[in-house]
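Here is what each chain is made of, one letter per residue.
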Amino acid sequence: MTVSVNRELCYGSGECAFRVPSVFTAVDGLGAVVPGREDADGDPEVREAAERCPSQAITLD
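Residues numbered from 1 in each chain as written. Predicted model: local features only at pLDDT ≥ 70, side-chain atom pairs only at ≥ 80, totals over all residues. Heavy atoms only, no water.

Side note on the nonpolar core
- Ranked by size, the top nonpolar core spans 15 residues in total, and within it V3, V5, V23, F24, V46 and I58 carry the most contacts.
- Listing elements by their share of this core, those giving two or more residues are β1 (3-5) and α2 (44-52).
- With residues up to four places along the chain from it excluded, the contact list for V5 reads C10, F24, G31, A32, V33, A57 and I58. (Core = buried A, V, L, I, M, F, W, Y, C linked by side-chain atoms within 4.5 Å. Buried < 20%, exposed > 50% of the residue type's maximum accessible area, 1.4 Å probe, protein only. Helix = DSSP H or I, 4+ residues; strand = E, 2+ residues; numbered from the N terminus. Contact = heavy atoms within 4.5 Å.)

Quick notes on the pattern of salt bridges
- One pass over the full model with this rule turns up 3 salt bridges.
- Taking the shortest distance from any N to any O, the salt bridge between E15 and R19 comes out at 2.8 Å. A residue pair is termed a helical-turn pair when its members lie 3 or 4 positions apart in one helix, as E15 and R19 do in helix α1 (residues 15-19) at 4 residues.
- Taking relative accessible area as the criterion, E15 reaches 26% and is therefore assigned partly exposed.
- Taking relative accessible area as the criterion, R19 reaches 29% and is therefore assigned partly exposed.
- E48 serves as the salt-bridge partner of R52, at 2.9 Å between the closest nitrogen and oxygen. Placement of both R52 and E48 in helix α2 is noted, with a separation of 4 residues, approximately one turn of the helix.
- Using a relative accessible area of 49% as the deciding quantity, one classes R52 as partly exposed.
- Each of E15, R19, E48 and R52 takes part in a single network of salt bridges with overlapping partners. (Salt bridge = Lys/Arg side-chain N within 4 Å of Asp/Glu carboxyl O.)

Here is the structure:
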């Protein structure tokens, strides 16, 4: 399972990077997953960031 950010939905609130900077970052003002951290979907903080994403751009597949 992996975590990803849909850049078409993201509007750059930065909430994910604020909550879990070890997994999320910003690229060109939009949320992104830190390379190599795509498998962090089991982390409860990552799940919370996905639930609280204001644009619902984070998916856990």
